[in-house]
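Okay, here's what each chain looks like letter by letter:
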Amino acid sequence: MIKEIKDGVLCFDGCSTLELAQKFGTPLYVMSETSILEKFDELRKCFLDKYPNTRVAYACKAFCSMAMIKLCEREGMCIDVVSGGELFTAISAGFPAERIEFNGNNKLYSELEMAIDYGIGRIIIDSPLELKMIEEICEKKNKKVKVLYRITPGIKADSHDYIVTGKKDSKFGFPIDEDVLYPEFERAIDSPYVEFMGLHFHIGSQILDNDPYLQAVEVMLSHIKDIREKLSYEVKEINLGGGFGAVYTDEEKKPYSYFIDPIMARIQNEYKENNLPMPSIVIEPGRSIVAEAGMSLYTVGNVKEIRGVRKYAAVDGGMPDNIRPALYQCAYDGMVANKADLPNKEKVTVCGKCCESGDILIRDCCVPENISRGDLFAVFSTGAYGYSMASNYNSNPIPAVVLVKQGISEIIVKRQSYDEIIERNLIPQMLK
């Protein structure tokens, strides 16, 4: 069990949350290596080992640190980066270049230069201008790079609009209009500077139903057939993106096989019917690997009751370390970690310390009756898009990140200091 209660205290991957808070302070992100490895093992069994010529590229945007990237390297995974910063983190961690793919809707010229200099394995092209920039850089550096084209299959997944990316009206990818797509494909096929590998889609995030993936696969297979017939070119690689849902509160836990098996069955059937060898198949899970592997620890401060309305329990973090409840209205679960064995008899709204009415972490959370200042509060499933979306709003420092495994804990990201918050600030001469 990753989460268990010992002597009235919540423990996470063998570590007492109370001891973690005392040792490292709060707010604190805690990541379970055991949980992450369990996800990697599941992906091996139901995808990598089951289907030949497949790859898993961990989507670094969910949680990007050098330690996480080293875990991916050790476990034989590839990674998907979406910025120069994520790429630089991977390079700094010594991650193998050929196992990196680069996504993103507006890659900067300097970012593409960095990627091509490092020799990364794939660049996912997101706009017509991008191919032109890649060709210019490759010509200058006498290099050639493998590319895929990201298409928007026009699928509306059941998720928050801010994290749905596969509908036609999207800032991501190419719309599936033939007069737009096929001249692009032809340019890439004919280019001496890129090797056109195939197609990519990503329909969104926190998706709990496999039907949108199957719809998107139908669109992709149709285009692959057209590329074969119209351009006499055989696609070598299909990237299915990620977006598989994680459990935050009461969502049904879906194994990876629920998504992967019907998708693979459909693709295999298509290639078998056409008597063609299967292309490489890539998936890009991120959230589903790290969300449940993380929790956030806070110290309770003021407890305020508004008679006949609600009771607020304020903690020493909030929006700066978890923007998702305010941004997406996402729901989380949590508990008073130092009173974990007491019955939960009343509801409180756990709020942050920022000067924002929307700085609410959990509404109407069931807790023991005597929640009070100094208690330790744990919010579950914050491993994805907590640290990676953290900010200095209200000039709050970004918390530390601790990796735990079977009772051992170690800092993997240091806590930001006040000095570090202002280290890039300058007072101009005119104000002195």
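Data block above holds the structure.
Residues numbered from 1 in each chain as written. Predicted model: local features only at pLDDT ≥ 70, side-chain atom pairs only at ≥ 80, totals over all residues. Heavy atoms only, no water.

Explain the side chain of N322 to me, and be specific about the residues and the numbers.
Summarising the element assignment, N322 is placed in the loop between β15 (310-315) and α11 (324-328). A distance of 3.3 Å separates the side chain of N322 from the backbone nitrogen of R324, its partner in a polar contact. Once residues lying within four places of it in the same chain are set aside, the contact partners of N322 are Y298, Y332, L361 and T382. (Helix = DSSP H or I, 4+ residues; strand = E, 2+ residues; numbered from the N terminus. Polar contact = N/O pair within 3.5 Å; in protein donor to acceptor, adjacent residues only side chain to side chain. Contact = heavy atoms within 4.5 Å.)

Which residues make up the pairing of strand β9 (residues 145-152), and what are the values?
Burial analysis of β9 places 7 of its 8 residues in the buried class, the great majority of the element. In the classification by handedness, the crossover that spans strand β8 (residues 122-125), the intervening helix α6 (residues 128-141) and the parallel β9 is right-handed. Bridge count for β9 against strand β11 (residues 194-200) is 6 bridges, and the pairing is parallel. Bridging from a neighbouring strand, V145 pairs with V194 of β11. With 2 bridges connecting them, β9 and strand β10 (residues 174-175) associate as parallel partners. The residue bridging T152 from the neighbouring strand is P175, located in β10. (Buried < 20%, exposed > 50% of the residue type's maximum accessible area, 1.4 Å probe, protein only. Right-handed = clockwise from strand over helix to strand, strands pointing away. Pairing = 2+ DSSP bridges.)

Can you lay out the sheet that holds strand β1 (residues 3-6) for me, pointing to particular residues and giving the numbers?
Taken in spatial order, the 3 strands line up as β1-β2-β3 in an open sheet, and their pairing is antiparallel. The outermost strands of the open sheet, each flanked by one partner alone, are β1 and β3 (15-16). Pairing of β1 with strand β2 (residues 9-12) involves 4 bridges; the strand directions are antiparallel. By the bridge assignment, E4 is partnered in β2 with C11.

Residues and numbers for the environment of Y332, please.
Structurally, Y332 can be placed in the loop between α11 and β16 (334-336). Setting aside residues no more than four positions away along its own chain, Y332 makes contact with Y248, T249, N322, R324, P325, L361, I362, V379, F380, S381 and T382. Within polar-contact distance, the side chain of Y332 engages the side chain of R324 at 2.6 Å.

I'd love a proper account of the packing of helix α2 (residues 33-48) against helix α9 (residues 256-273), names of residues and values included.
When two helices pack together, you describe them by how their axes are tilted relative to each other and by the distance separating the axes. Orientation of α2 relative to α9, taken along the N-to-C sense of each, is 25°, at an axis distance of 10 Å. It follows from the interaxial angle that α2 and α9 lie roughly parallel. For the pair α2 and α9, the sense of crossing is right-handed. Residues K39, E42, L43, C46 and F47 of α2 form the contact with α9, whose own contacting residues are Y256, S257, I260, D261 and M264. Of the residues assigned to the contact of α2 with α9, the class counts are 6 nonpolar, 1 polar and 3 charged. (Axes fitted to C-alpha atoms, helices over the stretch in contact; angles between N-to-C directions. Parallel < 35°, antiparallel > 145°, perpendicular 65-115°, else oblique. Left-handed = near helix turned anticlockwise from the far one by under 90°. Nonpolar A, V, L, I, M, F, W, Y, C, P; charged D, E, K, R; others polar.)

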